[in-house]
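Next come the chains, spelled out residue by residue.
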Amino acid sequence: MPLGEMTNVTGGLRYTVDKVRGTGYTDVTFFPGIFGPDPFVLRAQQFDAKNDFGNPNGINIVDGDNPSASKTFKKWTYKISADHKFNDDVMAYASYSRGYKAGTFNTLPLDTKALNPEIVDAYEIGLKTELFDRKVRFNTALFWNDISNPQIQAQRNGLVFLANAGSARTKGAEFDLTTVVAQGLTLRLGGTYLDAKFRNFGDVDGNGTLDCASYVYSPTAPGNLDQISINCSGNRMPYASKWKFSGGASYVREIDGAGEITVDLTGNWSSSFNWDADNLIREPSRFLLDGAVAFTPERWDHLTMRFWMKNVTGKKNNINYYAQASGSAFASAPGAPRTYGGELVFKF
């Protein structure tokens, strides 16, 4: 809705209904000779809609009694924003929105009730500009998010699953800059500062016990890990680097009688971050460099040949890190090393 020639106010409203359902079971197969000459299958009940875990002995469960549960989530969400153009090249804006993520079930195994929905109240102010005859584009923003029941990755007996924390807050600033410095040459630069912490991650469900999982070396079984519960209120959220910067360059050149060649180089740096809510294990800072060269022949402009390379410098990094319960230590999943390849792109 316009308020004068240079100011606008926009609002939106949404009603969402999400129904989630989980069904599962665990079969334990005994080889012939253990309980007789034939194989024997024991079906262990995990969870059902009545939360009675089925047959007390966990056996002779027919298909109709397989663990299952469903949950329906209903939520109104909304957004309101205002923007003002100082001129054709500079615009400021402010917005407030309420977002929502439906609850879900953990399925490995299906033995707990559905997670609570995650609610986010998001506030943002920013500036968007196009300067110097649109050769320079600069955008910046400040943001603040209050999160109720954040759904996070946690660990239980060495398995990764989802859990609700009580509340969290993320706040920070970001910018991106794109500039054309010469004919065909474009430079890019962006950065983010993020302060992301749990406000309440202690006794989330109010049952008198702490709900944030962590691990310590076992005093009774040297070399192994024991799972414990701690208060993670005030800890940084997982995967949340405090600083991130990215930059790149793209060069496009027309070659008379041959076609168009494009060279692109992109680098991304992030500061260290924690893998879990307990802030026990940190991933060190990393810099990853990617590049690509593409060529489009003049006679076949519907065809593009592209060669790419990711992690050009072969930087060692992890894409996951987790504790092995009752194991000897922590395990990690390494990120891809230097990889490269080619592709043909057809346009019709």
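Our structure's up above, just so we're on the same page.
The following paragraphs examine the structure supplied in this document. Small disclaimer: the values here were computed from a predicted structure and weren't measured.

**Details of the overall build of the protein chain**
- Across its full length, the protein chain holds zero helices and 22 strands.
- Expressed as a percentage of the 348 residues in the protein chain, the buried residues total 32%.
- Partitioning the contacts of the protein chain with sequence separation of at least 6, the portion at a separation of at least 24 is 57%.
- For the protein chain, the accessible surface area stands at approximately 21100 Å², while carbon and sulfur atoms represent 56% of it.

**Here we look at the side chain of Thr-304**
- Its place among the elements puts Thr-304 in strand S19 (residues 303–310).
- With a relative accessible area of 14%, Thr-304 lands in the buried category.
- Polar side-chain contacts of Thr-304 include one of 2.9 Å to the side chain of Thr-296.
- Excluding residues that lie within four positions of it along the chain, Thr-304 makes contacts with Ala-294, Phe-295, Thr-296, Glu-343, Leu-344 and Val-345.

**As for the pattern of salt bridges**
- Throughout the structure, instances matching the rule amount to eight salt bridges.
- Linking Asp-264 and Arg-188 is a salt bridge whose minimum nitrogen-to-oxygen distance equals 3.3 Å. You can see Asp-264 sitting in strand S15 (residues 259–270) and its partner Arg-188 sitting in strand S11 (residues 185–200), a full 76 residues away along the chain.
- For Asp-264, a relative accessible area of 24% gives the class partly exposed.
- For Glu-343, the salt bridge identified is with Arg-306, shortest N-O distance 3.1 Å. One end of the pair, Glu-343, is in strand S22 (residues 339–346); the other, Arg-306, is in strand S19, and 37 residues separate them in sequence.
- A single salt-bridge network, built from bridges that share partners, covers Glu-130, Arg-134 and Arg-137.

**A closer look at the state of the cysteines**
- Scanning the model with the defined rule gives one disulfide in all.
- Across a sulfur-sulfur distance of 2.0 Å, Cys-212 and Cys-232 are joined as a disulfide pair. Between Cys-212 and Cys-232, the disulfide has an S-S torsion of -75 degrees and is therefore left-handed. Taken together, the residues Cys-212 in strand S12 (residues 212–217) and Cys-232 in the loop between strand S13 (225–230) and strand S14 (243–255) connect sequence positions 20 residues apart. There is no split in this pair, since Cys-212 and Cys-232 are both buried.

**Brief notes about a nonpolar patch on the surface**
- On the surface, Leu-13, Tyr-15, Val-17, Trp-76 and Tyr-78 cluster together into a nonpolar patch covering about 550 Å² of accessible area.
- Of all the secondary-structure elements, those providing two or more residues to the nonpolar patch are strand S1 (7–23) and strand S4 (68–87).
- With three residues, S1 is the largest single contributor of residues to the nonpolar patch.

**Here's the deal with a positive patch on the surface**
- On the surface, a cluster of positive charge is made up of Lys-171, Lys-197, Lys-242 and Arg-282.
- Take Lys-197: it is sitting in strand S11.

**Re the packing of aromatic side chains**
- For the structure shown, the criterion picks out 12 aromatic pairs.
- Centroid distance Phe-198 to Phe-201: 5.1 Å. Interplanar angle 55 degrees. Geometry classified as tilted.
- Ring plane angle 10 degrees and centroid distance 6.1 Å describe the contact between Trp-243 and Phe-245, whose orientation is recorded as stacked.
- By the ring-pair criterion, three or more aromatic residues cluster together here, those being Tyr-193, Trp-243, Phe-245 and Trp-269.
- Over the ring of Trp-308 we find Lys-310; its NZ or CZ atom is 5.5 Å from the centre of that ring.

**A look at the side chain of Gln-151**
- The topology assignment puts Gln-151 in strand S8 (residues 151–156).
- There is a polar contact of 3.1 Å between the side chain of Gln-151 and the backbone oxygen of Ala-102.
- With sequence-adjacent residues up to four places away left out, Gln-151 is seen in contact with Lys-101, Ala-102, Gly-103, Leu-115, Asn-116, Pro-117, Glu-118, Ala-163 and Asn-164.

**Re a negative patch on the surface**
- Residues Glu-254, Asp-256, Glu-298 and Asp-301 make up a contiguous surface patch of negative charge.
- Position of Asp-301 relative to the elements: it lies in the loop between strand S18 (286–297) and S19.

**Comments concerning unusual backbone geometry**
- A positive phi angle, close to 55 degrees, is found at Asn-149, a residue other than glycine.
- Relative to the assigned elements, Asn-149 resides in the loop between strand S7 (136–148) and S8.
- Residue class for Asn-149 comes out partly exposed when judged on its relative accessible area of 23%.
- The phi torsion at Asn-311 lies on the positive side, around 50 degrees, for a residue other than glycine.
- Along the chain, Asn-311 turns up in the loop between S19 and strand S20 (318–323).
- Given the relative accessible area of 4%, Asn-311 is considered buried.

Analysis parameters
- Residues numbered from 1 in each chain as written.
- Predicted model: local features only at pLDDT ≥ 70, side-chain atom pairs only at ≥ 80, totals over all residues.
- Heavy atoms only, no water.
- Helix = DSSP H or I, 4+ residues; strand = E, 2+ residues; numbered from the N terminus.
- Buried < 20%, exposed > 50% of the residue type's maximum accessible area, 1.4 Å probe, protein only.
- Contact = heavy atoms within 4.5 Å.
- Areas by Shrake-Rupley, 256 points an atom, 1.4 Å probe, with all protein chains shown as cover.
- Polar contact = N/O pair within 3.5 Å; in protein donor to acceptor, adjacent residues only side chain to side chain.
- Salt bridge = Lys/Arg side-chain N within 4 Å of Asp/Glu carboxyl O.
- Disulfide = S-S within 2.5 Å.
- Patch = residues over 30% accessible without salt bridge, like charges linked within 9 Å, V, L, I, M, F, W, Y side chains within 5 Å.
- Lys, Arg positive; Asp, Glu negative; His and termini not counted.
- Charge placed at Lys NZ, Arg CZ, Asp CG, Glu CD.
- Phe/Tyr/Trp six-rings, centres within 6.5 Å; stacked < 30°, edge-to-face > 60°.
- Lys NZ or Arg CZ within 6 Å of the ring centre and 35° of its normal.

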